[in-house]
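The lines below spell out each chain.
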Amino acid sequence: MRRKHRDSAYFHLQKEKVEKNISCWKILVNYLLVIFAAVVLAYGFVTFLCQGIRMNDSSMEPLCHQRNVLLVDKISYKIREVKRGDVVAIERTENKNTMIVKRVVGLPGDTVAVVGGRLVINGKQTDASFSYSYIESEGRLTEPVTLEDDEYFVIGDSPSQSEDSRFVSFGDINKSEIKGRVFYAWVDHQGKKVTNGD
């Protein structure tokens, strides 16, 4: 009888150990599933919706400075067109590892020029409220440039510190190179909304 009782107790202990092991495995599997789901969601968020990038030069001052963090909306241009004045993140075909940030000043079909240091679009001078309204180095804009159907003309808010569409080495950009619209900048430990469009 005692032996039967010992066997029963031993069997009961073994059963509890097995159940504990199964319970530990269930918890571990649940944690792994949560981590996997978080990674998939984060990847989807960065790939399709929004991405943080770091400004790598001072061409967009005073809007943002070198090493500031910017948030890029990657879905806007899938449902609406790029507007003049939008601040965009660009990934050049020849350099897919770097995002460049510039402001769109010329849209497909526009004619862009610099006359007397002022940016002129379709025969009209740009509003003086933009920091790029006075340009010392016109680059290829000594003659008017007319954009093709899928081309955009971009410039930095600080033209004297910007390599942009004014120069042959940079040129016009294609719609496929525009990866998103910059909508938020983290500048000097403070966040600020980025002014875009007309």
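Each remark here, short or long, concerns the structure printed above.
Everything in this summary refers to the structure shown in the same document. (Residues numbered from 1 in each chain as written. Predicted model: local features only at pLDDT ≥ 70, side-chain atom pairs only at ≥ 80, totals over all residues. Heavy atoms only, no water.)

1. Here we look at the overall build of the chain
The condition is simple: Helix and strand assignments follow DSSP, with helices taken as H or I runs no shorter than four residues and strands as E runs no shorter than two, numbered in order from the N terminus. When a residue's accessible area, from a 1.4 Å probe over protein chains only, is under 20% of the maximum for its type it is buried; when over 50% it is exposed; and in between it is partly exposed. Should any heavy atoms of two residues lie within 4.5 Å, those residues are considered in contact. Working definition of accessibility: Shrake-Rupley area with a 1.4 Å probe, residue cover restricted to the visible protein chains.
Broken down by element type, the chain carries two helices and 12 strands. Ordered by position in the sequence, the α and β elements of the chain form the string α-β-β-α-β-β-β-β-β-β-β-β-β-β. Of all 198 residues assigned to the chain, the portion counted as buried reaches 38%. Considering only intrachain contacts with a sequence separation of at least 6, the fraction spanning at least 24 residues in the chain is 60%. A total accessible area of about 12600 Å² is found for the chain, and carbon and sulfur atoms account for 57% of it.

2. Observations regarding the environment of Ser 76
Residue position: Ser 76 is located in helix H2 (residues 76-79). Residue classification places Ser 76 among the buried residues on the basis of a relative accessible area of 9%. When the C-alpha positions of Ser 76 and Arg 181 are compared, they lie 7.1 Å apart, and in sequence the two are 105 residues distant.

3. Focus: the sheet that holds strand E5 (residues 111-115)
Formally: Strand pairing is assigned whenever DSSP identifies at least 2 bridges connecting the two strands.
Strands sit in the order E7-E6-E5-E8 across an open sheet of four strands; the sheet is antiparallel. At either margin of the open sheet sits one strand with a lone partner, and together these are strand E7 (124-125) and strand E8 (145-146). Direction of pairing for E5 relative to strand E6 (residues 118-121): antiparallel, over a ladder of four bridges. Opposite Val 115, over in E6, you have Arg 118 as the bridge partner.

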